[in-house]
Amino acid sequence: MEKMPYQDRQSVQSRAVPFDWHFGLPSIRGENVTLREVQESDAEALLAMLTTEEVAEFVSPLPRTVDGFCGFIGEARYERTLGSSFCFAVVPDGYEDAMGLFQVRQLEPRFGSAEWGFAIGSPFWGSGLFLAGAKAVIDFSFGVVGVHRLEARSIASNGRGNAALRKVGAVQEGILRRSFQRDGRYFDQILWSIVKDDWRQAHPRMIAPTFH
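None of the values given here were measured: they were computed from a predicted structure.

Chemist: Looking at this structure, I do not really get the nonpolar core. What am I missing?
Modeler: Side chains of a nonpolar character, in soluble globular proteins, are inclined to be buried together. One finds F86 and W116 to be the most contacted residues of the largest nonpolar core, which totals 56 residues. Here the element with the most residues in this core is helix α5 (residues 129-145); it accounts for 10 residues. If we ignore the near neighbours within four places in the chain, the residues touching F86 are W21, L25, R80, F102, Q103, V104, F111, F140, S141 and V145.

And the structure:
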């Protein structure tokens, strides 16, 4: 694996070979982080990182047991074989297990448009881990999977999550009123989007991720 997270696009294209992610996700190197396919051995660490009150407050309900996370991981891998979604584990440098997740699901056949979601353990908030991982996931979505439009929905009161989406280059499109239910209550969500052409223009050297 090369140390640099991305290569010059022209150089990559000249040596690129087709990659079929349906058979397994690659490991992608970002700044101080590696993204790889989530695996059952991550279940215990994910339980510890993603079920704390500060993380769980703003994400869709996640499993509350190790067995539950194993089931979630198995389902994510199965959906990857179907070509309907993929899920990357976020592994910071110096760690072996996942400290967070990025998941991308198709909104229409063949991923013309897709929705992505993420959750990072609170000890890594403000570390740059999200930004590095997000750039790699977006590059993979646009450059390998063929996504044209990538959407995200974030609870309006989630200031940290919305700031992170804005920082990575997402555009706020509107408010989805009372669109998220949790614990019997409904919350407004902000709809964010990133379009492939805009991403290419802003990041001309990032459209082809380095992976093995």
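Chemist: Honestly, the environment of S157 in this entry has me stumped. Any pointers?
Modeler: As for its placement among the helices and strands, S157 is situated in the loop between β6 (149-155) and α6 (159-168). Taking the C-alpha atoms as reference points, S157 and I190, separated by 33 residues in sequence, lie 9.3 Å from one another.

Chemist: Help me out: how do you make sense of the packing of aromatic side chains in this one?
Modeler: The description of an aromatic ring pair uses the distance of the two centres, along with the angle that the planes make with each other. Enumeration over the complete set of coordinates arrives at 14 aromatic pairs. With a centroid separation of 5.2 Å and an interplanar angle of 90 degrees, the aromatic rings of F88 and F140 are classed as edge-to-face. In this pair, F88 sits in strand β3 (residues 85-92) while F140 sits in helix α5, placing the two residues 52 residues apart along the sequence. Residue F88 shares its accessibility class with F140, and that shared class is buried. Arranged with centres 6.5 Å apart and planes meeting at 20 degrees, the rings of W116 and F130 form a pair that is stacked. A residue pair is termed long-range when its members are at least 10 positions apart, and W116 in strand β5 (residues 113-120) and F130 in helix α5 qualify at 14 residues.

Chemist: Hey, could you run me through the pattern of salt bridges in this one?
Modeler: Should the charged atoms of two oppositely charged side chains come close, the side chains can pair. If you walk through the whole model with that rule in mind, you get 10 salt bridges. With its nearest N and O atoms 2.6 Å apart, the salt bridge here joins R29 to D93. Linking R29 in strand β1 (residues 28-30) with D93 in the loop between β3 and β4 (100-106), this pair joins segments that are 64 residues apart in sequence. The class for D93 is partly exposed, based on a relative accessible area of 36%. For the salt bridge of R153 with E115, the shortest nitrogen-to-oxygen distance reads 3.4 Å. With R153 in strand β6 and E115 in strand β5, this residue pair connects regions lying 38 residues apart in the sequence. Classification of E115 as partly exposed rests on a relative accessible area of 27%. One connected set of salt bridges, linked through shared partners, spans E115, R149, E151, R153 and E173.

Criteria and thresholds
Residues numbered from 1 in each chain as written. Predicted model: local features only at pLDDT ≥ 70, side-chain atom pairs only at ≥ 80, totals over all residues. Heavy atoms only, no water. Core = buried A, V, L, I, M, F, W, Y, C linked by side-chain atoms within 4.5 Å. Buried < 20%, exposed > 50% of the residue type's maximum accessible area, 1.4 Å probe, protein only. Helix = DSSP H or I, 4+ residues; strand = E, 2+ residues; numbered from the N terminus. Contact = heavy atoms within 4.5 Å. Phe/Tyr/Trp six-rings, centres within 6.5 Å; stacked < 30°, edge-to-face > 60°. Salt bridge = Lys/Arg side-chain N within 4 Å of Asp/Glu carboxyl O.

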